[in-house]
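# A closer look at the structure
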Amino acid sequence: MTDFDERTFRNAMGNFCTGVVIATGTQDGAPAGFAAQSFVSLSLDPPLVALCPGKNSSSWPKLRDSGSFCINILSAEQKSVCDQMARSGGDKFADLEWRSGQTGSPILAGVVGYIDCDLEAEHDAGDHTIAVGRVRDFTILDAEAEPLLFFRGAYGAFEAR
Ligand SMILES: Cc1cc2nc3c(=O)[nH]c(=O)nc-3n(C[C@H](O)[C@H](O)[C@H](O)COP(=O)(O)O)c2cc1C
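For the structure given in this document, a descriptive report is provided here. Residue positions are counted from 1 within each chain, in the order its sequence is given. This being a predicted model, a pLDDT of at least 70 is required before a residue's local features are given, and a value of 80 or more before pairs of side-chain atoms are given or counted; all residues contribute to the totals for chains, interfaces and linings. With hydrogens and water excluded, all non-hydrogen atoms of the structure serve as input to the side-chain values.

## What about the overall build of the protein?
When helices and strands are counted, the protein shows three helices and twelve strands. Here the C-alpha radius of gyration of the protein, 16 Å, is about what a compact globule of 161 residues would show, namely 15 Å. The principal-axis extents of the C-alpha atoms in the protein amount to approximately 45 × 40 × 40 Å. Throughout this description, buried means an accessible area under 20% of the type-specific maximum (1.4 Å probe, protein chains only), exposed means over 50%, and partly exposed covers the range between. Relative to its full complement of 161 residues, the protein shows a buried share of 35%. Sequence-distant contacts, at least 24 apart, represent 62% of the contacts inside the protein between residues at least 6 apart. Helical segments are the DSSP runs of H or I of at least four residues, strand segments are the runs of E of at least two, and each set is numbered from the N terminus. As a reference, a globule follows 2.2 Å times the number of residues to the power 0.38, and the radius of gyration itself is taken over C-alpha atoms. By definition in these notes, contact holds between two residues if any of their heavy atoms fall within 4.5 Å.

And the structure:
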């Protein structure tokens, strides 16, 4: 494609509003994770979800190697958790409360809910991959909570019409 401008494309894609999740896992017992918007429900039978980790992510290989990952759905009150998990390096879990899910992957305190998965497959996709997870366990912890939304580079909450 000629005259393809990455910034313009990124801004255009920002018009698609998404929620924000934290994909978590462990390496040698230590928690790992990163913020992501590229989460989607994929299949009911079998129950599959997908996530697109960037190839520059230093956390994803840790989750991949453990063979599982947990998707934590952030609430509107958790923008600071998103900020913390969107930085590369450092102790991303400092000051965060969490417990281990069925796969051993962290379930963060205060999330709307979680989907705990075994890694089923990973497909190459440009500068990202498409990681498919087979759902092992899931729970909505707070059905009243507002989700954290990401739209045109800004964060917000949901308002029903
Ligand atoms: C709202 C938002 C959505 C993001 N979505 C993704 C995503 O879908 N996939 C991804 O790999 N990184 C995504 N990122 C960037 C990662 O969170 C960031 O690059 C990551 O934390 C890098 O840390 P790591 O090196 O520990 O993996 C997103 C960041 C933000 C703020």
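## A short note on the sheet that holds strand β12 (residues 154–156)
Between any two strands, at least two bridges found by DSSP are needed for them to pair. Taking strand neighbours across the sheet as the criterion, the three strands line up as β1-β11-β12 in an open arrangement whose pairing is antiparallel. The strands lining the two open edges of the sheet, one partner per strand, are β1 (18–19) and β12. The pairing of strand β11 (residues 149–151) with β12 spans three bridges and is classified as antiparallel. Note on β12: the bridge partner recorded for F150 is Y155.

## With respect to the side chain of Q78
Following the sequence through the fold, Q78 ends up in the loop between β6 (68–73) and α3 (79–85). The class for Q78 is buried, based on a relative accessible area of 6%. Here a polar contact is taken to be a pair of N or O atoms separated by no more than 3.5 Å, where protein atoms must pair a possible hydrogen donor with a possible acceptor and residues adjacent in sequence count only if both atoms sit in side chains. Among the polar contacts made by the side chain of Q78, one reaches the main-chain carbonyl oxygen of A109 at a distance of 3.1 Å. Apart from the residues within four sequence positions on either side, Q78 is in contact with I73, A109, G110, V111 and L148.

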